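Close look at the chain arrangement
Residue strings, one per chain:
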Amino acid sequence: ATSCKSSILEFRSSLLRMMETIVFSPFLLTSTTTQRQWIMINYFSDFYDDPSAPASRIVVELQSKFIQVYTTRLQVHAQLSGLRHIMHHHPWISSISGVVANIIILTIIILISWTRIFTLDTHYPEEDYTKGKKQPVADQRKELTETDTLKDFHKTSIETIG
């Protein structure tokens, strides 16, 4: 994309320039201040870079023969929105919130792992399809009566003998 913009310096009459020079002469002689004017030129207000052919250089050309330039500075101001705006203009807030979010996520992962490792592992047998509920193995053992226990004992002792 190309853009050609014209601009004009602020007009100062010869009387105003002479008064400025006389009033500011001590500061101008000691180099604590200088006579200068700033020109702000907006070349592109809505510039979108093409990812297939990114912008890699800019050419600035002054087309006046009567202007004296001592120093120049090119500033690029991006107009960001949303999260990019917050991250660019408030880096401390974005960095602190990122670190806190990472700590919270890692803490949750560690707590879930900790509870999985140190909780008692209750084994559920296959679901009783007639009643439709699951009971832990420990609870099923409590429900056995003494006669059931004796029957199981006789079965195992008969099997071991025979």
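Not measured: the values here are computed from a predicted model.

The helix and strand tally for the protein chain stands at six helices and zero strands. Listing each helix as α and each strand as β along the protein chain from the N terminus yields α-α-α-α-α-α. Residue burial in the protein chain is summarised as follows: out of 162 residues, 1% are buried. Of the contacts formed within the protein chain by residues at least 6 apart in sequence, a portion of 41% connects residues at least 24 apart.

With that settled, the discussion passes to the packing of aromatic side chains. For any pair of aromatic rings, the description rests on two quantities: the centre-to-centre distance and the angle between the ring planes. Considering all chains together, one arrives at one aromatic pair under this definition. Arranged with centres 6.5 Å apart and planes meeting at 55°, the rings of Phe24 and Phe27 form a pair that is tilted. Overall, Phe24 belongs to the partly exposed group, its relative accessible area being 41%.

Moving on, we get to the confidence of the model for the protein chain. Chain-level pLDDT for the protein chain is 77 on average; 73% of the residues reach the 70-or-more range. Mean pLDDT values over the elements of the protein chain span from 50, in helix α5 (residues 137–143), up to 93, in helix α4 (residues 91–118).

With that out of the way, let us pick up unusual backbone geometry. Despite not being glycine, Ser31 has its phi angle at roughly 60°, a positive value. Structurally, Ser31 is set in the loop between α2 (25–29) and α3 (83–89). The exposed category is assigned to Ser31, whose relative accessible area is 60%.

Close approach of charged atoms allows side chains with opposite charge to pair. Counted according to the given criterion, the structure contains two salt bridges. Note that Arg12 and Glu10 form a salt bridge whose closest N and O atoms lie 3.9 Å from each other. For Glu10, a relative accessible area of 53% puts it in the exposed group. Across the pair Arg12 and Glu20 runs a salt bridge, and its minimum N-O distance is 3.4 Å. Given a relative accessible area of 22%, Glu20 falls into the partly exposed group. Salt bridges sharing common partners tie together Glu10, Arg12 and Glu20.

Cut-offs applied
- Residues numbered from 1 in each chain as written.
- Predicted model: local features only at pLDDT ≥ 70, side-chain atom pairs only at ≥ 80, totals over all residues.
- Heavy atoms only, no water.
- Helix = DSSP H or I, 4+ residues; strand = E, 2+ residues; numbered from the N terminus.
- Buried < 20%, exposed > 50% of the residue type's maximum accessible area, 1.4 Å probe, protein only.
- Contact = heavy atoms within 4.5 Å.
- Phe/Tyr/Trp six-rings, centres within 6.5 Å; stacked < 30°, edge-to-face > 60°.
- pLDDT = per-residue confidence, 0-100.
- Salt bridge = Lys/Arg side-chain N within 4 Å of Asp/Glu carboxyl O.

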